[in-house]
Amino acid sequence: MKTVMIGQDRVPQVGQGTWQLGRDRKTRDQEIEALRYGIERGLTLIDTAEMYADGGAEEVVGEAIRQASQPVFVVSKVWPSNQAPARLRRSLEASLKRLGREQLDLYLLHWPSRTVPLKDALAGLVEAYRAGLTRYVGVSNFPTAALQEALALMPPDVPLVVDQVEYHLANRRAETQLLPFARAHQVTLMAYSPVKFLAHLRPGDDRADLLARLAQAHHTAPATIALAYLLEAGPVIAIPKALSRAHIDANAAALEITLTEEERRALQEHFPCPSEDLPFTAL
Ligand SMILES: NC(=O)c1ccc[n+]([C@@H]2O[C@H](COP(=O)([O-])OP(=O)(O)OC[C@H]3O[C@@H](n4cnc5c(N)ncnc54)[C@H](OP(=O)(O)O)[C@@H]3O)[C@@H](O)[C@H]2O)c1
């Protein structure tokens, strides 16, 4: 199984996303069952956020990981308007309550904030780390310059270990500057929305054909190929959200396959990388 280190923890390179979970009580059991099935398949890193269904996704995760068969690495995120230190602390405590945990594994600033200065938001993260409320801290939606600024503001004893950004074959902008920069600074990229683009590929599209051909060669699904590409791009963890067992199986299969150099090159040619970095957007 493909794994990477976050601090002292070894985690799988494919985890589970939870955006849009926890919105409807009627689908709650199905969502809990899907997350538990993913855990059984080795997807033992779960990404959530206080913003998802106003805490509803965290409640679903809490239920899914209660009495889980193996340890689960839980990631949550604080929304920009809650990033001033006192509010961040309240947000984190509320997230922990919904998750049924005393400590998070990783807590991220969800987006750069328009209203809270970055140094204050990071001070809140550091305080939460020192209080033992989270084992690791990081950021999300930080392009290279913003990540560089954040790293410079962190005290040496509190490592910033993750930047979670949009990264998939149809949006390879993270590869231009962010990925090499993150690699050089021991920051792991977490790739969100890694498979969603597949639904927008039209039949007959060259890119869909290539993915289908590679999938056939590896006796697997196109999504598995799309994820495998990301995992091999550097220290990257992909966090697809999947409810169907077939999707979860295809996502877990990416932990086991390796693409050839030729296959990677063909993917890069069909899904060209734009030259600009990810945009900076503060919310
Ligand atoms: N930090 C941020 O700002 C941010 C932003 C967006 C997302 N995220 C995180 O990243 C996670 C993933 O991103 P996302 O939910 O936007 O997109 P995604 O995981 O790329 O796509 C989810 C969609 O793809 C389908 N799918 C899953 N596995 C598949 C497979 N093997 N083959 C074909 N289709 C598959 C799912 O269907 P089913 O559910 O029906 O199986 C669902 O419709 C989120 O859930 C969230 O945790 C973070």
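Here the structure is shown first, and the text comes after it.
Conventions we followed
- Every chain is numbered independently, its residues counted from 1 as its sequence is written.
- Whole-chain, interface and lining totals are the exception, using all residues; otherwise, since this is a predicted model, local features are given only for residues with pLDDT of at least 70 and side-chain atom pairs are given and counted only at 80 or more.
- Being near a molecule or strand means, for a residue, that its backbone-placed C-beta atom lies within 6 Å of it.
- Elements are defined by DSSP. Helices are runs of H or I of four residues or more, strands are runs of E of two residues or more, and each kind is numbered from the N terminus.
- Gly counts as polar in this scheme, as do all residues outside two lists: the nonpolar Ala, Val, Leu, Ile, Met, Phe, Trp, Tyr, Cys and Pro, and the charged Asp, Glu, Lys and Arg.
- We call a residue exposed when 12 or fewer other C-beta atoms sit within 10 Å of its C-beta, buried when the count reaches 20 or more, and partly exposed for counts in between; the C-beta positions come from the backbone.
- Within this analysis, the arc is defined by the directions that extend from the helix axis to the C-beta atoms.
- We call two residues in contact if the C-beta atoms placed from their backbones are at most 7 Å apart.
- Pairs of strands are assigned from DSSP output, requiring at least two bridges between the strands.
- By the criterion used throughout, a crossover qualifies as right-handed when its path from the first strand across the helix to the second strand runs clockwise, the strands pointing away from the viewer.

Points about the site of the ligand
Neighbouring the ligand are 25 residues, the closest being Gly17, Trp19, Tyr192, Ala223 and Lys241. Top contributing element to the shell around the ligand by residue count: helix α9 (residues 245-253), with three residues. Of the residues belonging to the shell around the ligand, the class tally is 12 nonpolar, 10 polar and three charged.

What about helix α5 (residues 144-153)?
Structural remark: α-helix, 3.6 residues per turn; residues separated by three or four positions point the same way. All of the buried residues in α5 are Ala146, Leu147 and Ala150. For α5, the angular spread of buried residues about the axis comes to 100°, placing them on one side. Where the residues of α5 are buried, they touch α4 (118-130), β6 (134-140), β7 (160-166) and α6 (178-184).

Quick word on the pairing of strand β8 (residues 188-192)
Counting buried positions along β8 yields five of five residues, so the element is predominantly enclosed. With burial as the criterion, each face of β8 is covered, one bearing Thr188, Met190 and Tyr192 and the other bearing Leu189 and Ala191. Here β7 runs beside β8; their pairing, made up of five bridges, is parallel. Across the sheet, residue glutamine 164 finds its bridge partner in β8, namely methionine 190. Note on the crossover from β7 through α6 to β8: the handedness is right-handed. Pairing geometry for β8 and strand β9 (residues 236-238), over three bridges, is parallel. If you follow methionine 190 over to β9, its bridge partner there is isoleucine 237.

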